[in-house]
Amino acid sequence: MAVILFVRQYHSYNKFGLNDSVLGNLGPSTNTSLDNVSPWIHQFAKTMEDFYGLYIEMRYLHAEAVIYGPHRDMSISRAQNLGYSTEAIQLLQLFPYVDLNAGGDVSAWNYGPSNNDFFMGGEFCDYRSDSELKQGRDPFYAIDERDESIYTQGDFDAVDGPYMRPHYVALNSLGNHGALLIVPGRRKEGNRNALEVYPSRDAIEAMEGYMKRFRELEWLPGGVYPDEYIGNNYKRLYIENGWPGNFSGAAFDAARNEYEQAETERYHKESPFREVEKFEMWLKSGEDAIVRYEGALVKLALTGESVTEDGETVEMFQEKIRKAKEDRPMLKKELEKAKQEAEAVSEDVKQARYDRIQKYGYRE
């Protein structure tokens, strides 16, 4: 049975040209033991170890945070009750995981989702956790999982049916609308949640291709992107410290820490500009609100009503208008103060900020 590694596309990641789904061959089996695992499963698990190893080599993941298989502490019975096939369970037992519950940082940096960026905005997951096993049956949060029988008895061809077939495995969690890598299978029509309609290619080939892009710094780990301000600086640090052939991890760490410290100092020096933008935004929001509330009062007057469908009364709108107008002088005063402080910032800081915004649009 052919299997696919699926990459869910979101608009913010289209620029990376990802149209992949992937994988190899998971034959049918009834054996849940790791004593009789197909060569392909071992090969793909090794590819995933290489993927995590590359993240360690790039100084993104801390080596001690990665736990390698086989994992004997995974609940096999729980996985079976959730509908995972034997082959899927074997994969989950052999995959490496980032130990998110060990305490402390698992990575040197993270500009991505809360559980650290696994791949293009998707999060790391750990199937040794029962809750992760369950979420792995609905990684897109697309179905009502209150009745877990849907995973084993649901109609995969129904319009809103389950889509994670027994042999499907999500390699990561969705994160904040990030990429999601899934191991699915044969094509089925009718279910709008079905994944098989997306393009696919061999999983090991795809993962090796992804690693090549990281090695060539076309992609960067940890939620940074080379064509953006922070990512461009990280790419520079890799190159300056010998990546890939003569890379010094220790020198990179030192240079990155120095860069992060300089960025913190820059951020504080530019705080007056952010204050100006903040008070300008608050003033505009207040003026927009007054227009909106006055429009609501006109509408109520024209209809002869005293209460909107949302239960807001004339008196409530009048009080909101009064409060917005009352805040106006204070906001203008604070804005003027912020402008004076921004004007006092050194010309070097002003110019560097201007150049950065012009090139990257990065205002933070």
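Bear in mind that the values here come from a model prediction, so they are computed numbers and not experimental data.

**Concerning the overall build of the chain**
Part 1 of the argument: The helix and strand inventory of the chain stands at 11 helices and 7 strands.
Part 2 of the argument: When each of the 364 residues of the chain is scored for burial, the buried share is 46%.
Part 3 of the argument: Taking all contacts inside the chain whose residues are at least 6 apart in sequence as the whole, residues at least 24 apart take part in 69%.
Part 4 of the argument: Accessible surface for the chain amounts to roughly 18600 Å². Of this, 48% is attributable to carbon and sulfur atoms.

**Notes on the confidence of the model for the chain**
Detailed reading of predicted coordinates is not advised where the pLDDT is low.
Part 1 of the argument: For the chain, per-residue confidence averages 84 on the pLDDT scale, and 85% of positions sit at 70 or higher.
Part 2 of the argument: Strand β1 (residues 6-7) is the least confidently modelled element of the chain, averaging 42 in pLDDT, while helix α8 (residues 249-269) averages 97, the highest of any element.
Part 3 of the argument: For residues 1-31, every residue scores under 50 in pLDDT, and the model assigns this stretch 119 contacts once sequence neighbours within four places are set aside.
Part 4 of the argument: For the stretch residues 184-189, pLDDT sits under 50, and the model shows 25 contacts to residues farther than four places along the chain or on other chains.

**A word on helix α11 (residues 347-360)**
Part 1 of the argument: Helix length check: α11, at 14 residues, gives a terminal C-alpha distance of 20 Å against a target of 20 Å (1.5 Å per residue), a fit within 8%.
Part 2 of the argument: Looking at α11, one finds that the buried residues are V349, K350, R353, R356 and I357. One side of α11 holds all its buried residues, which, seen down the axis, span an arc of 135°. Facing away from the buried surface of α11 by more than 90 degrees, the exposed residues are E347, D348, Q358 and K359.

**Observations concerning the packing of aromatic side chains**
Part 1 of the argument: Evaluated as defined, the whole model comprises 34 aromatic pairs.
Part 2 of the argument: Between F247 and F252 the ring centres are 5.6 Å apart and the planes differ by 55°, which places this aromatic pair in the tilted class. The residues F247 and F252 share a single accessibility class, namely buried.

**Considerations on the nonpolar core**
Side chains of nonpolar character tend, in soluble globular proteins, to be buried together.
Part 1 of the argument: One finds F44 and F119 to be the most contacted residues of the largest nonpolar core, which totals 74 residues.
Part 2 of the argument: Per element, the largest residue contribution to this core is 10 residues, and it comes from helix α1 (residues 39-57).
Part 3 of the argument: In this structure, V276, F279, A342 and V349 belong to the second largest nonpolar core, which totals 10 residues.

**Structural notes on the pattern of salt bridges**
It is possible for side chains of opposite charge to pair when their charged atoms get near one another.
Part 1 of the argument: Going through the model one piece at a time under the given rule, you end up with 27 salt bridges.
Part 2 of the argument: A salt bridge links D126 to R128, with the nearest nitrogen and oxygen atoms 2.7 Å apart.
Part 3 of the argument: For D126, a relative accessible area of 6% corresponds to the buried category.
Part 4 of the argument: Through salt bridges with shared partners, a single network forms among D73, D99, D126 and R128.

**Some points on the packing of α8 against helix α9 (residues 271-303)**
Part 1 of the argument: Remark: α8 packs on α9, axes separated minimally by 4 Å, with the N-to-C direction vectors making an angle of 50°. When the interaxial angle is binned, α8 and α9 end up oblique. Between α8 and α9, the residues in contact are Y267, H268 and K269 and S271, P272 and R274, respectively.
Part 2 of the argument: Along the lines of polarity and charge, the residues of the contact of α8 with α9 split into 2 nonpolar, 2 polar and 2 charged.

**Description of unusual backbone geometry**
Part 1 of the argument: Geometrically, the link from G69 to P70 is a cis peptide bond, its omega value of 0° lying close to zero.
Part 2 of the argument: When you line up the elements, P70 lands in the loop between β2 (66-67) and α2 (76-81).
Part 3 of the argument: Here the amide bond leading from W243 into P244 is cis, since omega sits at 0°, within 30 degrees of zero.
Part 4 of the argument: Relative to the helices and strands, P244 resides in the loop between α7 (229-240) and α8.
Part 5 of the argument: For M120, which is not glycine, the phi torsion reads 50° and is therefore positive.
Part 6 of the argument: Note on placement: M120 falls in the loop between β4 (117-119) and β5 (122-123).
Part 7 of the argument: Of note, Y141 is a non-glycine position whose phi angle comes to about 55°, a positive value.
Part 8 of the argument: Relative to the helices and strands, Y141 is located in the loop between α4 (130-135) and α5 (150-153).

Conventions adopted
Residues numbered from 1 in each chain as written. Predicted model: local features only at pLDDT ≥ 70, side-chain atom pairs only at ≥ 80, totals over all residues. Heavy atoms only, no water. Helix = DSSP H or I, 4+ residues; strand = E, 2+ residues; numbered from the N terminus. Buried < 20%, exposed > 50% of the residue type's maximum accessible area, 1.4 Å probe, protein only. Contact = heavy atoms within 4.5 Å. Areas by Shrake-Rupley, 256 points an atom, 1.4 Å probe, with all protein chains shown as cover. pLDDT = per-residue confidence, 0-100. Expected span 1.5 Å × (residues − 1). Arc of directions from axis to C-beta. Phe/Tyr/Trp six-rings, centres within 6.5 Å; stacked < 30°, edge-to-face > 60°. Core = buried A, V, L, I, M, F, W, Y, C linked by side-chain atoms within 4.5 Å. Salt bridge = Lys/Arg side-chain N within 4 Å of Asp/Glu carboxyl O. Axes fitted to C-alpha atoms, helices over the stretch in contact; angles between N-to-C directions. Parallel < 35°, antiparallel > 145°, perpendicular 65-115°, else oblique. Nonpolar A, V, L, I, M, F, W, Y, C, P; charged D, E, K, R; others polar.

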